[in-house]
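Working through the structure, step by step
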Amino acid sequence: MSAQTSVNSPERSSGQAVDQRAKMLERAMSRHHYAGDALLEVLHTAQELYGYLSPGLLREIARKLRLPPSHVYGVATFYHFFTLQPRGEHTVMVCMGTACYVKGALGLLEVLERRCARAGSTSPDGKVSVGTARCVGACGLAPVIVWDGEILGRVTPQELNRRLDALAVAEVRDDG
Amino acid sequence: MSIKTLTIDGRMVTGAAGESIFDVAWNNGIRIPRLCHVGGISDVGACRLCLVEIEGWPKLAAACLTPVEEGMVVRTQTERLRRHRKLIVELLLAERNHVCSVCVQNGHCELQDLAAELGVDHVRVYYRFPRLGVDMSHERFGLDHNRCILCTRCVRVCDEVEGAHTWDVAGRGVNCMIVADMGEPWGNSETCTSCGKCVQVCPTGALFEKGKTVGEMYKDRRFLKYIVTAREKRQWIR
Ligand code: SF4
Ligand code: FES
């Protein structure tokens, strides 16, 4: 067993910030008396704090809640809400609700999947995480994407391409 | 302990309250097909092969999970059940890559036997041909995901009998996979005790001993009854 105090420490955060997050996670677990059946709540908190669930973080949670690692891993991979990979610098969600779908959401998703990553994952260069959502409640603006939490309406593939160009995301690769 | 009397396939049988239809049937020599049930560990109702008809019930019931009730009239071998079971086996075959001719378990595989018994001579649905790996990282055993039917026998025996809980199921739906610890190579697992119980209960050639070639893998799960009886009754019966 490894003595993991700093669970997954992205270089960009200072040691203090890491401490802070670890402390907050600890508090969440102690609030639930380290009960195994609080696993989902604890995973939620961990994901909010760290942005994703690294193997080290999952192991630590398993150890603290006295659960088998495979069970924790199984739960974390079951729910789409959780991600086991670091998030990209930007998160782009395409609304796949009925209105957006009819107005061409699939075309937008195709652009993202071709240039960045499959829905649910992050581009290899770590710039963009792609996701889909079921109706964000802005059907009047269809098709909608949520760009870093901001809702953009009536998006065209051209506009999306332009935004990706601005991030210097590699030009459209050949289909395949 | 109260005793329940019921009818299975026209025969009057008795079982203890809380016993499953499956167990009572088997105790009376009535064989219900199954892939996920194995005596000595809990039931989860994963495979649905043990589905039976119960008079007055609107739906089919999984015999392994349904406790016997007084006066129940159960049928285990109707044409309708046979049709369902056959389709279930075909779906299992189509879901991954079951190639008997190169499998260590060929000739003594529970899935293969069931397919033969149900007369599955071809599969009516499209094969998915998923690209799945084989984990040969363990010193003594191998896991071929292509042959796994996700019955979770290995998960339960490891948790309930060995107590290690090395295995679990990751992902969801069609992406479900048996995983060791944090989804890592089996050989790296810190929890695995290499006891081999999972290998012995696996109904197919998914879990196997290294060094076995086509048709050479025989599974023996008598140890289960031995250990469970010893634990519960403090009697060591071979
Ligand atoms: S590896 Fe074997 S025992 Fe485990 S779930 Fe797959 S088929 Fe069942
Ligand atoms: S044996 Fe009952 S569902 Fe598998």
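The shown structure was predicted, so the numbers you read here are calculated from the model rather than taken from an experiment.

1. A short note on the overall build of chain A
When helices and strands are counted, chain A shows seven helices and five strands. The order of helices and strands in chain A, counted from the N terminus, is α-α-α-α-β-α-α-β-β-β-β-α. Out of the 176 residues belonging to chain A, those deemed buried represent 41%. For chain A, the computed accessible surface area is about 9,800 Å², with 53% contributed by carbon and sulfur atoms.

2. Description of the overall build of chain B
The number of helices and strands found in chain B is six helices and 10 strands. Relative to a compact globule of 238 residues, whose C-alpha radius of gyration would be 18 Å, chain B shows 19 Å and is just as compact. Evaluated residue by residue, chain B yields a buried proportion of 50% over its 238 residues. Counting only contacts in chain B whose residues sit at least 6 apart along the sequence, the fraction spanning at least 24 positions is 60%. Summed over all atoms, the accessible surface of chain B reaches about 11,900 Å², with 52% contributed by carbon and sulfur. Within chain B, one finds 32 positive and 29 negative side-chain charges whose respective centroids are separated by 3 Å.

3. Points about the sheet that holds strand β7 (residues 141-144) of chain B
Spatial strand order, β6-β7-β10 (chain B): three strands in an open sheet with antiparallel pairing. Among the strands making up the open sheet, the edge pair consists of β6 (134-135) and β10 (207-209) of chain B.

4. Concerning the nonpolar core
Val157, Trp167, Ile178, Trp186, Cys198, Leu207 and Leu224 of chain B are the most contacted members of the largest nonpolar core, which totals 30 residues. Among the elements that take part in this core, helix α4 (residues 153-162) of chain B stands out by supplying five residues, more than any other.

5. Some remarks on the packing of helix α2 (residues 39-50) of chain A against helix α3 (residues 55-64) of chain A
Residues and elements named next belong to chain A. Orientation of α2 relative to α3, taken along the N-to-C sense of each, is 145°, at an axis distance of 11 Å. The two elements α2 and α3 meet at a crossing, and its hand is right-handed. Contacts from Leu39, Val42, Leu43, Ala46 and Tyr50 of α2 reach α3 at Leu57, Leu58 and Ile61. Considered class by class, the residues forming the contact of α2 with α3 number eight nonpolar, no polar and no charged.

6. Brief notes about the side chain of Lys197 of chain B
One can find Lys197 of chain B in helix α5 (residues 197-201). Apart from residues lying up to four places away in sequence, Lys197 of chain B is in contact with Val157, Val161, Glu162, Phe223 and Ile227 of chain B.

7. Here we look at the interface of chain B and chain A
Where interface size is given, it is often the accessible area lost as the parts come together that is meant. With 16 residues of chain B at the contact, the number on the chain A side is 14 residues. Interface of chain B and chain A: buried area, both sides summed, is about 1,200 Å²; carbon and sulfur atoms make up 61% of it. Taken as a group, Arg172, Met182 and Glu190 of chain B account for 51% of the area that chain B buries against chain A, more than any other trio of residues on that side. If you look at where chain B meets chain A, you find one salt bridge. Linking Arg59 of chain A and Glu184 of chain B is a salt bridge whose minimum nitrogen-to-oxygen distance equals 2.7 Å. The interface formed by chain B and chain A contains seven residue pairs in polar contact (both at pLDDT 80 or more).

8. A few points about the sheet that holds strand β2 (residues 11-16) of chain B
All names here are of chain B. In spatial order, the strands read β2-β1-β5-β3-β4; together these five strands make up an open sheet with mixed pairing. The sheet is open, and its two edges are formed by β2 and β4 (61-62), each paired on a single side. Strand direction decides the pairing type here: strand β3 (residues 51-54) and β4, joined by two bridges, are antiparallel. Residue Leu51 lies in a different strand from β4, and its bridge partner there is Ala62. Along the sheet, helix α2 (residues 79-95) contacts β3 and β5 (73-75); its crossing angle with β3, the most-contacted strand, is approximately 160°.

9. Description of unusual backbone geometry
All names here are of chain A. Here the amide bond leading from Ala142 into Pro143 is cis, since omega sits at -5°, within 30 degrees of zero. With respect to the element layout, Pro143 can be found in the loop between β3 (128-133) and β4 (145-147). Of note, Cys135 is a non-glycine position whose phi angle comes to about 60°, a positive value. You can see Cys135 is positioned in the loop between β3 and β4.

10. Considerations on the domain arrangement of chain A
According to the domain assignment, chain A contains domain 1 (16-78) and domain 2 (90-166). In this structure, domain 1 of chain A and domain 2 of chain A have C-alpha centres spaced 30 Å apart.

11. As for the site of ligand 1
Looking at ligand 1, there are 13 residues lining it, with Cys148, Cys151, Thr152, Cys154 and Cys202 of chain B nearest. In terms of residue class, the shell around ligand 1 is built from 10 nonpolar, two polar and one charged.

Parameters and conventions
Residues numbered from 1 in each chain as written. Chains lettered and ligands numbered in written order. Predicted model: local features only at pLDDT ≥ 70, side-chain atom pairs only at ≥ 80, totals over all residues. Heavy atoms only, no water. Helix = DSSP H or I, 4+ residues; strand = E, 2+ residues; numbered from the N terminus. Buried < 20%, exposed > 50% of the residue type's maximum accessible area, 1.4 Å probe, protein only. Areas by Shrake-Rupley, 256 points an atom, 1.4 Å probe, with all protein chains shown as cover. Rg over C-alpha atoms; globule rule 2.2 N^0.38 Å. Contact = heavy atoms within 4.5 Å. Lys, Arg positive; Asp, Glu negative; His and termini not counted. Charge placed at Lys NZ, Arg CZ, Asp CG, Glu CD. Pairing = 2+ DSSP bridges. Core = buried A, V, L, I, M, F, W, Y, C linked by side-chain atoms within 4.5 Å. Axes fitted to C-alpha atoms, helices over the stretch in contact; angles between N-to-C directions. Left-handed = near helix turned anticlockwise from the far one by under 90°. Nonpolar A, V, L, I, M, F, W, Y, C, P; charged D, E, K, R; others polar. Buried area = accessible area lost by both parts, 1.4 Å probe. Salt bridge = Lys/Arg side-chain N within 4 Å of Asp/Glu carboxyl O. Polar contact = N/O pair within 3.5 Å; in protein donor to acceptor, adjacent residues only side chain to side chain. Domains from an automatic or database assignment. Near = heavy atom within 4 Å.

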